[in-house]
Amino acid sequence: MFDHLDRMPLATLPTPLEQGPPLEGGARLWVKRDDLTGLGGGGNKARKLEFLCGDAMATGARALVTVGAAQSNHCRMTAAAGARLGLEVHLVLSGDRPAEATGNQLLSTLFGAQFHFTGAEESHWGELEIAREAVTGQLTAEGLAPYSIPVGGSTDVGALGYAAAFVEMLDQFDERSISPTHLVFTSSSGGTHAGLLAGRAAAAHQGRNVPEVIAIGVAKGVNVGRPDVAELANRTLALMGATTVVADEDVHVDTRWMGTDYAVPTPEGDAAILWAARTGGWLLDRTYSGKGCAGLLGLAAEGRFAAPGHAANDVVFLHTGGWPALFAPGGAPRRSDSGV
Ligand SMILES: *Cc1c(COP(=O)(O)O)cnc(C)c1O
């Protein structure tokens, strides 16, 4: 389903699927370690970048342009991808240039990326996209043939990475003779979600057993819900040459763990960061994977994973990464925060 598509081998695949402690209610937890995709510190964007950069190289691009919040993991991994492929990388970021680069920005600096600070607020995605268009236009005028990537790399091409990841997971389930009932993960710009749903639809169409996909939404105002995610998934399926579709009803986004807004920490997210660190040695962050894990734990507490008649059902948490943000100011829970 993917062999005919342009792809650069940037990620270390397959990522491990490891067992965690039992969840409240008794479900067996499996953690899909996409924080370990390798590229520039790892995380979910590496899978999208394999296909995005495949497309960029096929079109003869000499530069990559992308956009994100100040502590964007996607920007950091795009910077690393550009370094690997010998492409100039331009990052359009929210906020102003800090006195000292920290966390993801520090790493992007090491990878040699050039920053364009917009002064925009963190989750003003529309304003950031306009700034990306402006930088793209400038580089085009300079003859750099830039490949310009929207927020989170969430295009149909980028989402191919998670369609392939879904199939990779099914193969790992087969190896362990498990058949998970639910897959939970953190969703922001919707590309991971769309890709997973595309892979799920294609696999179900081939008669394979597939888990229900539950997105824990942590952002507003991007491709976060229906019909955007279903539409993106269907464009991804078209690229795969699949003949099946994703329906609006297949899109489940639970935003109860977002708190007040994108990148604003929550007590539940902080508690989940500590739970993961102290039960599995896993590193989660306050913007994405911590809130996603809070959703996983919250759904377990509500009995969402109970499977009557089954001794122990299996639930997968897709760990999307995010650890570098722990080292940005305010990036980690402190003793003064509740529950630490
Ligand atoms: C980008 C990101 C997500 C969300 O992925 P989308 O495809 O944008 O929805 C989740 N977790 C981490 C750590 C991320 O960097």
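All residue numbers refer to positions counted from 1 along the written sequence of the respective chain. A pLDDT threshold of at least 70 governs which residues receive local features in this predicted model, and a stricter bar of 80 or more applies before side-chain atom pairs are shown or counted, although totals over entire chains, interfaces and linings include all residues. To obtain the side-chain values, all non-hydrogen atoms of the structure were used and water was disregarded.

Chemist: Explain the overall build of the protein chain to me, and be specific about the residues and the numbers.
Modeler: The secondary structure content of the protein chain amounts to nine helices and 10 strands. For the C-alpha atoms alone, the extent of the protein chain along its principal axes is close to 65 × 55 × 30 Å. Buried, partly exposed and exposed residues are distinguished by accessible area as a fraction of the type maximum, computed with a 1.4 Å probe on protein chains only: under 20%, between the cut-offs, and over 50%, respectively. Taken across its 340 residues, the protein chain has 57% of its residues classed as buried. Contacts: residue pairs with any heavy atoms within 4.5 Å of one another. Partitioning the intrachain contacts of the protein chain with sequence separation of at least 6 by distance along the chain shows that 76% fall at a separation of at least 24. Here the Shrake-Rupley method, with its probe set to 1.4 Å, supplies the accessible areas, and only the displayed protein chains count as covering residues. On the protein chain, roughly 13400 Å² of surface is accessible, and the fraction owed to carbon and sulfur atoms is 51%. As used throughout, the charge tally considers Lys and Arg to be positive and Asp and Glu to be negative, leaving His and the chain termini uncounted. A charged residue contributes its charge at one atom only: NZ of Lys, CZ of Arg, CG of Asp or CD of Glu. Looking at the protein chain, you have 25 positive and 36 negative side-chain charges, and the mean spots of the two groups are 5 Å apart. Each helix is a run of H or I in the DSSP string that is no shorter than four residues. Each strand is a run of E no shorter than two, and both are numbered from the N terminus.

Chemist: So, the sheet that holds strand β2 (residues 28-33): which residues are in play, and what are the values?
Modeler: One requirement defines pairing of two strands: DSSP has to find at least two bridges between them. Within the open sheet, the six strands sit side by side as β1-β2-β10-β7-β8-β9. Their pairing is mixed. This sheet does not close on itself; its edge strands, each paired only once, are β1 (17-19) and β9 (253-254). Relative to β9, strand β8 (residues 212-217) is paired through two bridges, and the arrangement is parallel. Residue pairing in the sheet places alanine 215 in a bridge with valine 253 of β9. Lines fitted to C-alpha atoms define the axes, with helix axes restricted to the stretch in contact, and inter-axis angles between N-to-C directions lie between 0 and 180 degrees. Helix-sheet contacts for helix α6 (residues 191-205) involve β7 (182-187), β8, β9 and β10 (314-319), and the interaxial angle to β8 is about 175°.

Chemist: Quick one: what's the story with the pairing of β8, residue by residue and with numbers?
Modeler: Of all six residues that make up β8, five are buried, and the element is covered over most of its length. Across six bridges, β7 lies against β8 in parallel orientation. Its bridge partner being in β8, serine 187 is matched across the sheet by glycine 217. For the crossover that starts at β7, traverses α6 and ends in the parallel β8, the hand is right-handed. Handedness is read with the strands pointing away from the viewer; a crossover is right-handed when the path from the first strand over the helix to the second is clockwise.

Chemist: Could you give an account of the nonpolar core, naming the residues involved and the relevant values?
Modeler: Take the buried residues of types Ala, Val, Leu, Ile, Met, Phe, Trp, Tyr and Cys, join any two whose side-chain atoms come within 4.5 Å, and each joined set is a nonpolar core. By size, the foremost hydrophobic cluster in this structure holds 63 residues, and its most contacted members are Phe2, Leu49 and Leu196. When residues of this core are assigned to their parent elements, the largest contribution, 12 residues, is made by helix α5 (residues 156-176). Mapping this core onto the domain boundaries places at least three of its residues in each of domain 1 (17-44 + 154-338) and domain 2 (55-152). Sequence-distant contacts of leucine 49, that is, excluding residues within four places in its chain, are made with Leu10, Leu39, Gly54, Met77, Thr78, Ala81 and Ile149. With 21 residues, the next largest nonpolar core counts Ile216, Ala276, Leu296 and Ala300 among its residues. An automatic or database domain assignment supplies the start and end points of every domain.

Chemist: Could you give an account of the sheet that holds strand β3 (residues 63-68), naming the residues involved and the relevant values?
Modeler: Taking strand neighbours across the sheet as the criterion, the four strands line up as β5-β4-β3-β6 in an open arrangement whose pairing is parallel. Looking at the sheet topology across the chains shown, the edges are occupied by β5 (114-117) and β6 (146-149). Within this sheet the neighbouring strands show an average axis-to-axis angle of 20°, counted without direction. Direction of pairing for strand β4 (residues 88-93) relative to β5: parallel, over a ladder of four bridges. Bridging from a neighbouring strand, histidine 90 pairs with glutamine 114 of β5. Sheet strands in contact with helix α4 (residues 125-141) are β3, β4, β5 and β6, and its direction is about 165° off that of β3.

Chemist: Give a description of the site of the ligand that names residues and reports values.
Modeler: Here, proximity means that at least one heavy atom of the residue falls within 4 Å of the molecule or strand. Lining the immediate environment of the ligand, one finds 16 residues, of which Lys45, Lys48, Ser189, Thr192 and Thr320 sit closest. The definition of a polar contact used here is a pair of N or O atoms within 3.5 Å, where within protein one atom must be able to donate a hydrogen and the other to accept one, and adjacent residues in sequence count solely through side-chain atom pairs. Measuring from an oxygen atom of the ligand, one finds a side-chain N or O atom of lysine 48 at 2.6 Å. In this structure, threonine 320 approaches the ligand through a side-chain N or O atom, which is 2.6 Å from a nitrogen atom. Listed by contribution, the elements that provide at least two residues to the shell around the ligand are α1 (45-58), β7 and α6. For the shell around the ligand, a count of residues per class yields one nonpolar, 13 polar and two charged. Under the grouping applied here, Gly and all other residues not named as nonpolar or charged are polar, the nonpolar ones being Ala, Val, Leu, Ile, Met, Phe, Trp, Tyr, Cys and Pro and the charged ones Asp, Glu, Lys and Arg.

Chemist: Kindly report on the pairing of β7, identifying the contributing residues and their values.
Modeler: Extensive coverage of β7 is indicated by the burial of six of its six residues. Burial of the side chains of β7 extends over both faces: His182, Val184 and Thr186 are buried on one face and Leu183, Phe185 and Ser187 on the other. Bridge analysis of β7 against β10 gives three bridges, and the strand direction is parallel. Each residue of the ladder has a partner; that of histidine 182, found in β10, is valine 315.

Chemist: Outline the domain arrangement of the protein chain, supporting the account with residue identities and numerical values.
Modeler: By domain assignment, the protein chain separates into domain 1 (17-44 + 154-338) and domain 2 (55-152). Here domain 1 and domain 2 have C-alpha centroids that lie 25 Å from each other. The interface is formed by 24 residues belonging to domain 1 together with 21 residues belonging to domain 2. Counting the surface lost from both domain 1 and domain 2, the interface buries some 1600 Å², and carbon and sulfur atoms represent 65% of this. Every case where a carboxyl oxygen of Asp or Glu lies within 4 Å of a side-chain nitrogen of Lys or Arg is listed as a salt bridge. At the boundary of domain 1 and domain 2, one finds zero salt bridges. Reported buried area values correspond to the accessible surface (1.4 Å probe) lost by two parts on association, with both partners' losses combined.

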